[in-house]
Amino acid sequence: MNGSLGRAAAALLRWGHSAGGGGLRRAASSGGRSAEQLDALVKKDKVVVFLKGTPEQPQCGFSNAVVQILRLHGVRDYAAYNVLDDPELRQGIKDYSNWPTIPQVFLNGEFVGGCDILLQMHQNGDLVEELKKLGIRSVLLDEKKDQEAK
């Protein structure tokens, strides 16, 4: 398991959840949405975010932080689902990921975590590496190159 996903799994264990087998354990209940429907949503795009509000108007500080981190890296093309518009989706994604809070970030169909984990990945450079695996080049690499050239 790579570093950032390993940390996400460790965070899940700290929350008292299990990250066993080949991935996260899927809860039987999904708030009215089938696990298959949620599975299709998280796998539809390379980057998927479930947040309160929209990327243009986040409705909570944690959702705003996730949007800002993605913007910092130049990630503009991602699927964003406003859980405030759909209570079934809000509970369903929590059950699906076995993670109690919103926002939730998925990279290439894999649950990464919420705001704190994405912030940690941003700070330690793991997010740049994970984006690279998806074929997304972080604009922070270009800014770093520009600074080194000066």
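Residues numbered from 1 in each chain as written. Predicted model: local features only at pLDDT ≥ 70, side-chain atom pairs only at ≥ 80, totals over all residues. Heavy atoms only, no water.

When you look at unusual backbone geometry in this model, what are you seeing that I'm missing?
Of note, the bond from I102 into P103 is cis; its omega dihedral lies within 30 degrees of zero at 10°. Mapped onto the secondary structure, P103 falls in the loop between α4 (87-97) and β3 (104-107). At N98, a residue that is not glycine, the phi angle is positive and equals roughly 60°. Take N98: it is sitting in the loop between α4 and β3. Residue class for N98 comes out buried when judged on its relative accessible area of 17%. For N108, which is not a glycine, the phi torsion comes out positive at approximately 55°. The topology assignment puts N108 in the loop between β3 and β4 (110-113). For N108, a relative accessible area of 54% translates into the label exposed. (Helix = DSSP H or I, 4+ residues; strand = E, 2+ residues; numbered from the N terminus. Buried < 20%, exposed > 50% of the residue type's maximum accessible area, 1.4 Å probe, protein only.)

Is there a simple way to explain the packing of aromatic side chains in this structure?
When we look at a pair of aromatic rings, we describe it by the centre distance and by the angle of the planes. A full pass over the atoms with the stated rule returns 5 aromatic pairs. Ring centres 5.2 Å apart and planes at 20° place the aromatic pair F50 and Y81 in the stacked group. Placement of F50 in strand β1 (residues 47-51) and of Y81 in strand β2 (residues 79-82) is noted, with a sequence separation of 31 residues between them. A relative accessible area of 0% means that F50 is categorised as buried. Among the aromatic residues, those joined into a cluster by ring pairs are F50, Y81, Y96, W99, F106 and F111. (Phe/Tyr/Trp six-rings, centres within 6.5 Å; stacked < 30°, edge-to-face > 60°.)

Mind showing me how you'd approach the nonpolar core here?
In summary, soluble globular proteins display a tendency toward joint burial of nonpolar side chains. V47, V49, F50, I93 and F106 are the most contacted members of the largest nonpolar core, which totals 35 residues. Take this core: its biggest share by element is 5 residues, from β1. Other than its neighbours up to four places away in sequence, F106 contacts V42, K46, V47, V48, F50, I93, Y96, S97, F111 and V112. (Core = buried A, V, L, I, M, F, W, Y, C linked by side-chain atoms within 4.5 Å. Contact = heavy atoms within 4.5 Å.)

Coordinates in, geometry out; function isn't part of it.
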